[in-house]
Amino acid sequence: MTSENNAVTWDWLKLLCVTIMATLVFEHSQLDVRISELFYNNGHWLLEKGAQPYAFIFYDLPKALLILLAVYLIAVLIIKYRQSRLNATALNRNKYNRNKLDKFLLPLPMREIGYLLIILAIVPATIATLKSVTHVSCPNDLVIFNGDLSYLNLWQNIVAATPARCFPAAHASAGFSLYGLAFLPTLRKYRYQIVISVTILGWTMGLYKMLFGDHFFSHTLVSMLMSLTIACALAALFFKQSIKNKAHSTNDDKRHTGLSLSSIEHSNT
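Bringing the overall build of the chain into the picture now. The number of helices and strands found in the chain is 12 helices and 2 strands. Each helix and strand of the chain, ordered N terminal to C terminal, gives the series α-α-α-β-β-α-α-α-α-α-α-α-α-α. In the chain, which comprises 269 residues, the proportion classed as buried is 38%. Restricting to contacts in the chain with at least 6 residues of sequence separation, those with at least 24 account for 79%. Carbon and sulfur atoms form 64% of the exposed surface of the chain, whose accessible area is close to 15600 Å².

So this is what it looks like as structure tokens:
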């Protein structure tokens, strides 16, 4: 395994370290409180919880679209699996119907579709599990924002085991779960555009919750970093062979280029 292959494979560990560092930085500073104060004025948050049409646009709609995407991916996976099980005779017999159906199928291998489905499920599930363990309060639950609870750090919240469940941000994690698209080998050339688009989507969903005190800034930040970490770790597992092939291909190209340059220099002398 080449050093480049190793770097790609262990990127998730670097992301995990960044996630832990971000958590510690915000735990031992007043940054979260200062940022939330921007959305709180004269005893009121900038947005009322559940206010329409904002709740539909930034909460209900994204949730519904992500659920529909998961259902669609399941359907595509089932259809592609059934197609792969057909023998050559059946393929020829049903060629017209199959081609007609293919127009509505995502042009991705079954392995990549399976990876996407797992990411869409495991990212929100992981964040929800962490929320149930950390017991971190939402800003609107705190005394400093006219609530009932004291502002505690992460460890104090875990020990106190309060009923609060606000860290990391679960709603935003649903949007950040689409980071899985950036790690698909088929879509590698669009990776930068995907990361930018998903980041905007996730932060839009996260900012909506921050506007009425349901989350601190760090809740969304850690949710984003954790989503990236999970997507990267599973990609290293799912597409290990693809990473190896890419590394070998790069090495072959370099070797070929080196030989070409060497032959040119030799011919010139």
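Bringing helix α2 (residues 11-27) into the picture now. Between its first and last C-alpha atoms α2 spans 25 Å; for 17 residues at 1.5 Å apiece the expected length is 24 Å, and the two agree. All buried positions along α2 are accounted for by T19, A22, T23 and F26. Taken around the axis of α2, the buried residues stretch over an arc of 100°, which confines them to a single face. In the core, the buried residues of α2 are packed alongside α3 (31-37), α8 (154-160) and α11 (217-238).

It is worth spelling out the environment of M210 at this point. Considering the arrangement of structural elements, one finds M210 in helix α10 (residues 191-210). Residue class for M210 comes out buried when judged on its relative accessible area of 3%. Note: C-alpha distance between M210 and N140 (70 residues apart in sequence) is 9.7 Å. Leave out the neighbours within four places in its chain, and M210 touches I35, F39, W45, W203, H215, F216, F217 and T220.

Cis geometry is found at the peptide bond from Q52 to P53, where omega equals 5°. Relative to the assigned elements, P53 resides in the loop between β2 (44-45) and α4 (54-85). In this structure, the amide linkage connecting F167 to the following residue, P168, adopts the cis form with an omega of -5°. Inspection of the secondary structure assignment puts P168 in the loop between α8 and α9 (170-176). Positioned with a positive phi, N42 is a non-glycine residue whose angle comes to about 55°. By the element assignment, N42 lies in the loop between β1 (40-41) and β2.

Between side chains of opposite charge, a pair can form as their charged atoms come close. The final tally for this structure, using the stated rule, is 4 salt bridges. As a salt-bridge pair, R34 and E37 come within 3.3 Å of each other at their nearest N and O atoms. Of this pair, R34 and E37 both sit in helix α3, 3 residues apart, which is roughly one turn of that helix. By relative accessible area, R34 is classed as partly exposed at 47%. Exposure remark for E37: the relative accessible area of 38% places this residue in the partly exposed category.

This part takes up the environment of A121. The residue A121 is located in helix α7 (residues 110-134) in this model. Each C-alpha atom of the pair A121 and A174 lies 8.8 Å from the other, and the pair is 53 residues apart in sequence.

Attention now goes to the packing of α4 against α7. Two elements in contact, α4 and α7, have axes whose closest approach is 10 Å; the angle formed by their N-to-C orientations is 150°. Considered as vectors, α4 and α7 are oriented roughly antiparallel to each other. Judged by the twist between their axes, the crossing of α4 over α7 is left-handed. Seen from α4, the contacting residues are L69, A70, L73, I74, V76, L77, K80, Y81 and S84; seen from α7, they are M110, I113, G114, L116, L117 and L120. Among the residues making up the contact of α4 with α7, the classes are represented as 12 nonpolar, 2 polar and 1 charged.

Glancing now at a nonpolar patch on the surface. A cluster of nonpolar side chains, namely F56, I57, L61, L65 and L68, defines an oily patch on the protein surface of about 460 Å² accessible area. Looking at the secondary structure, you find I57 in helix α4. In this structure I57 comes out as partly exposed when scored by relative accessible area, which is 38%.

For the rest of this paragraph, the subject is the state of the cysteines. Taken as a whole, this structure holds 1 disulfide when the rule is applied. Residue pairing for C138: its cysteine sulfur links by disulfide to C166, the two sulfurs lying 1.5 Å apart. Placement of the pair is C138 in the loop between α7 and α8 and C166 in the loop between α8 and α9, with a sequence separation of 28 residues. For C138, a relative accessible area of 8% puts it in the buried group. Relative accessible area serves as the criterion here: at 5%, C166 is assigned to the buried category.

About the cut-offs
- Residues numbered from 1 in each chain as written.
- Predicted model: local features only at pLDDT ≥ 70, side-chain atom pairs only at ≥ 80, totals over all residues.
- Heavy atoms only, no water.
- Helix = DSSP H or I, 4+ residues; strand = E, 2+ residues; numbered from the N terminus.
- Buried < 20%, exposed > 50% of the residue type's maximum accessible area, 1.4 Å probe, protein only.
- Contact = heavy atoms within 4.5 Å.
- Areas by Shrake-Rupley, 256 points an atom, 1.4 Å probe, with all protein chains shown as cover.
- Expected span 1.5 Å × (residues − 1).
- Arc of directions from axis to C-beta.
- Salt bridge = Lys/Arg side-chain N within 4 Å of Asp/Glu carboxyl O.
- Axes fitted to C-alpha atoms, helices over the stretch in contact; angles between N-to-C directions.
- Parallel < 35°, antiparallel > 145°, perpendicular 65-115°, else oblique.
- Left-handed = near helix turned anticlockwise from the far one by under 90°.
- Nonpolar A, V, L, I, M, F, W, Y, C, P; charged D, E, K, R; others polar.
- Patch = residues over 30% accessible without salt bridge, like charges linked within 9 Å, V, L, I, M, F, W, Y side chains within 5 Å.
- Disulfide = S-S within 2.5 Å.

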